[in-house]
Amino acid sequence: RDAMPKGGQLTIATKNLSVGPDSRPDPAVELPPGRYVCLEVRDTGVGMEGEVLAKIFEPFYTTKQLGQGSGLGLAVVLGIVKQYKGFISVESRPGKGAAFRVYLPCVEGGMDALLPGEAPKSMRGGHETIMVVEDNHALRNMIKRTLRLKGYSVYAQAGGEEALAFLRAHKDEVHILLADLVLPDMDGVELAGRAKSLRPGLKVAYMSGYVGSLMTMAGVLRDSVLIEKPFTPERLLGNIRKLLDCGRAVKHGS
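Residues numbered from 1 in each chain as written. Predicted model: local features only at pLDDT ≥ 70, side-chain atom pairs only at ≥ 80, totals over all residues. Heavy atoms only, no water.

A. Expanded view of the sheet that holds strand S8 (residues 203-208). Strands sit in the order S6-S5-S7-S8-S9 across an open sheet of five strands; the sheet is parallel. The sheet terminates laterally at strand S6 (153-157) and strand S9 (224-228), the two strands that pair on one side only. Across the sheet, the mean angle from the axis of one strand to that of its neighbour is 20 degrees, orientation sign disregarded. Judged from the four bridges that link them, strand S5 (residues 129-133) and strand S7 (residues 176-180) form a sheet pairing that is parallel. Within S7, the residue paired with Val132 across the bridge is Leu178. (Pairing = 2+ DSSP bridges. Helix = DSSP H or I, 4+ residues; strand = E, 2+ residues; numbered from the N terminus. Axes fitted to C-alpha atoms, helices over the stretch in contact; angles between N-to-C directions.)

Laid out in structure tokens, this is it:
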């Protein structure tokens, strides 16, 4: 949509790829020998200048106007690809469109080998107050029910501005802000910063499908926790309790 505001052609293609010791099928990336699945997404849009290409995977870098983009999209893509030991390349020229290629190593065996291990189970609750900010209605209600069943007081909002309006009126009541990293009106990092200015000392937990290494690299986890989606009630409750009980930074997903 953004690359082709006047329309164009979007092509999505996949293929199997075998890489030998001396072969280099993509000059933009060095692939270790092995078997890969390649996903290519190509457009015929406006393309990108060299200085933009050099920064597109940096967290919070964006060429969009203020309030129109978080700059996390491609950084998230890179983080997910790296999490699964893959590679990504891009080629683009102004007026000539862009092509992104994701190379993921083939895996033998079933899905069980790919699923992350569960965090240590902790179903202990509490009586603190938690502000949940999540735009997905079903997930927001599930989180709210889970926390309330364990004794927490919970206020839930669908967006950042609603959450900030509530905090202005009830800032002394909230102990934890539990926010999705990407919201319709602002990103979770911006929301946390503005919320802490209203309530210094507020503890923050982010929810996201993005890998924790991305957030650590961006310096976001200095005094917060990242709960990676999808998560179980045990993982949610364990992280919330640990953050409340600990006065220092908590490692993501622990």
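B. Seen up close, the packing of aromatic side chains. If you walk through the whole model with that rule in mind, you get two aromatic pairs. Ring geometry for Tyr36 and Phe87: centres 6.5 Å apart, planes at 70 degrees, overall edge-to-face. Residue Tyr36 is found in strand S2 (residues 34-43), and its partner Phe87 is found in strand S3 (residues 87-92); the two are separated by 51 residues along the sequence. The exposure class of Tyr36 is buried, given its relative accessible area of 5%. Residue Phe87 is classed as partly exposed on the basis of its relative accessible area of 25%. Seen in terms of ring centroids, Tyr155 and Phe166 are 4.4 Å apart; in terms of plane orientation they differ by 40 degrees. Their pairing is tilted. Of this pair, Tyr155 sits in strand S6 while Phe166 sits in helix H4 (residues 160-170), placing them eleven residues apart in sequence. (Phe/Tyr/Trp six-rings, centres within 6.5 Å; stacked < 30°, edge-to-face > 60°. Buried < 20%, exposed > 50% of the residue type's maximum accessible area, 1.4 Å probe, protein only.)

C. Focus on helix H7 (residues 233-245). Here H7 is 13 residues long and its end C-alpha atoms lie 18 Å apart, about the 18 Å a rise of 1.5 Å per residue gives. When H7 is considered as a whole, its buried residues turn out to be Arg235, Leu236, Leu237, Gly238, Asn239, Ile240, Arg241, Leu243 and Leu244. As for H7, its buried residues are in contact with S5, helix H3 (137-149), S7, S8 and S9. (Expected span 1.5 Å × (residues − 1). Contact = heavy atoms within 4.5 Å.)

These figures capture arrangement, not role.
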